[in-house]
Amino acid sequence: MSDAQSQPATGPTRRDVLAGMAGVAAVALAPSTAAAWADETATRRLLASARLTGIELGASYLDLVQVVWATLAPTYGAQDLDRLVRVVNDAPAGAPLTEILLKQGLLPAAQALASTWYTGASAADGGQTVLFYNDALMWRSCAFTKPPATCGGPFGYWEQPYQPALTAPISPTASTATKA
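Because the structure is predicted, anything quoted here is derived from the model rather than measured. What you see as residue numbers is a count from 1 along each chain, following the sequence as written. This being a predicted model, a pLDDT of at least 70 is required before a residue's local features are given, and a value of 80 or more before pairs of side-chain atoms are given or counted; all residues contribute to the totals for chains, interfaces and linings. Values reported for side chains reflect all heavy atoms of the structure, with hydrogen atoms and water molecules removed beforehand.

(A) Structural view of helix 7 (residues 107–119). Strands here mean DSSP runs of E at least two residues long; helices mean DSSP runs of H or I at least four residues long; both are numbered from the N terminus. Take the number of residues in a helix, subtract one, and multiply by 1.5 Å to get its expected span. For helix 7, which comprises 13 residues, the first-to-last C-alpha distance of 18 Å matches the rise-based estimate of 18 Å (1.5 Å per residue) to within 8%. Burial in helix 7 covers these residues: Leu107, Ala109, Ala110, Ala112, Leu113, Ala114, Thr116 and Trp117. Here, two residues are considered to be in contact whenever any of their heavy atoms come within 4.5 Å of each other. Where helix 7 is buried, its residues touch helix 3 (40–53), helix 4 (62–76), helix 5 (78–90) and helix 6 (97–104). One or two residues past the end of helix 7 sits Gly120, with phi positive at roughly 80°. Note on exposure labels: buried denotes an accessible area under 20% of the residue type's maximum, exposed denotes more than 50%, and partly exposed covers the range between, all computed with a 1.4 Å probe on protein chains only.

Right under this line is the structure:
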């Protein structure tokens, strides 16, 4: 028996088809945010949002920045939101943003932006519309809590007294119960 083909292939071989399917799967599974990260507008919006909220917002927030802007634009205007981004990003480090935004007439939009990021609810309609709950910044700013139904650790973690995550790992074998 020989590995050589008895007749040359006239179409794609099985190997070609499998390689093509693997390529399609790789492209389909690639993060969609990778292309958006290169978008200058989204990047500048994230930088301004991070400066206003005091919490670093990385590439994982790219989808949410689009949601936040689409929600606030009808109320505060796309041009004013773009101007807010420019003013915040161009302000010197350590500058009093509240005073700068007040002088520019952008303080209400900045407050709505920060409120939306922290609560995950639209500040444009007084919080009636929840945009993203589990990803709201309130959970990152309060290290002692988490969104409901989000696991906090291994079974029994709630028995242990609170300690910041970086200083004392939770021991799944520790127990407050005494043995007789």
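From this point, the discussion proceeds with the structure in view.
(B) Structural detail: the packing of aromatic side chains. Ring pairs shown here join Phe, Tyr and Trp side chains whose ring centres sit within 6.5 Å, with only the six-membered ring taken for Trp; geometry is labelled stacked below 30 degrees between planes, edge-to-face above 60, and tilted in between. Considering all chains together, one arrives at three aromatic pairs under this definition. Relative to Trp117, the ring of Tyr61 has its centre 5.9 Å away and its plane inclined at 70°; by these criteria the two rings are edge-to-face. In this pair, Tyr61 sits in the loop between helix 3 and helix 4 while Trp117 sits in helix 7, placing the two residues 56 residues apart along the sequence. Across this residue pair, the class does not change: Tyr61 and Trp117 are buried. On the numbers, 5.6 Å between centres and 75° between planes, the contact of Tyr133 with Trp139 is edge-to-face. On the basis of relative accessible area, Tyr133 is assigned to the partly exposed category, the value being 38%. Under the relative-accessibility criterion, Trp139 is labelled buried at 16%. Taken together, the ring pairs connect Tyr61, Trp117 and Phe132 into an aromatic cluster.

(C) Quick peek at the side chain of Arg45. Locating Arg45 in the fold gives a position in helix 3. With residues up to four places along the chain from it excluded, the contact list for Arg45 reads Val65, Gln66, Trp69, Asp82 and Val85.

(D) Summary view of the pattern of salt bridges. What makes a salt bridge here is a side-chain nitrogen of Lys or Arg within 4 Å of a carboxyl oxygen of Asp or Glu, nothing more. Evaluation of the coordinates by the stated rule reveals three salt bridges. A salt bridge links Asp90 to Arg44, with the nearest nitrogen and oxygen atoms 4.0 Å apart. Taken as a pair, Asp90 in helix 5 and Arg44 in helix 3 lie far apart in primary sequence, 46 residues in all. By relative accessible area, which is 26% here, Arg44 ends up partly exposed. For the salt bridge of Arg45 with Asp82, the shortest nitrogen-to-oxygen distance reads 3.6 Å.

(E) Summary view of the nonpolar core. For the purposes of this section, nonpolar cores are sets of buried Ala, Val, Leu, Ile, Met, Phe, Trp, Tyr and Cys residues that join through side-chain atoms within 4.5 Å. Core analysis: the largest hydrophobic core is formed by 30 residues, its most contacted members being Leu84, Leu101 and Trp117. Contributions of two or more residues to this core are made by helix 3, helix 4, helix 5, helix 6 and helix 7. The residues contacting Leu84, other than those within four sequence positions of it, are Leu52, Leu101, Leu106, Ala109, Ala110 and Leu113.

(F) Main features of the side chain of Thr116. Checked against the element boundaries, Thr116 lands in helix 7. Exposure remark for Thr116: the relative accessible area of 0% places this residue in the buried category. Among the polar contacts made by the side chain of Thr116, one reaches the main-chain amide nitrogen of Ala123 at a distance of 3.2 Å. Leave out the neighbours within four places in its chain, and Thr116 touches Val68, Leu72, Ala121, Ser122, Ala123, Leu131 and Phe132. Think of a polar contact as two N or O atoms within 3.5 Å of one another; within protein, one of them needs to be a possible hydrogen donor and the other a possible acceptor, and neighboring residues in sequence only count if both atoms come from side chains.

What is shown is where atoms sit, not what they do.
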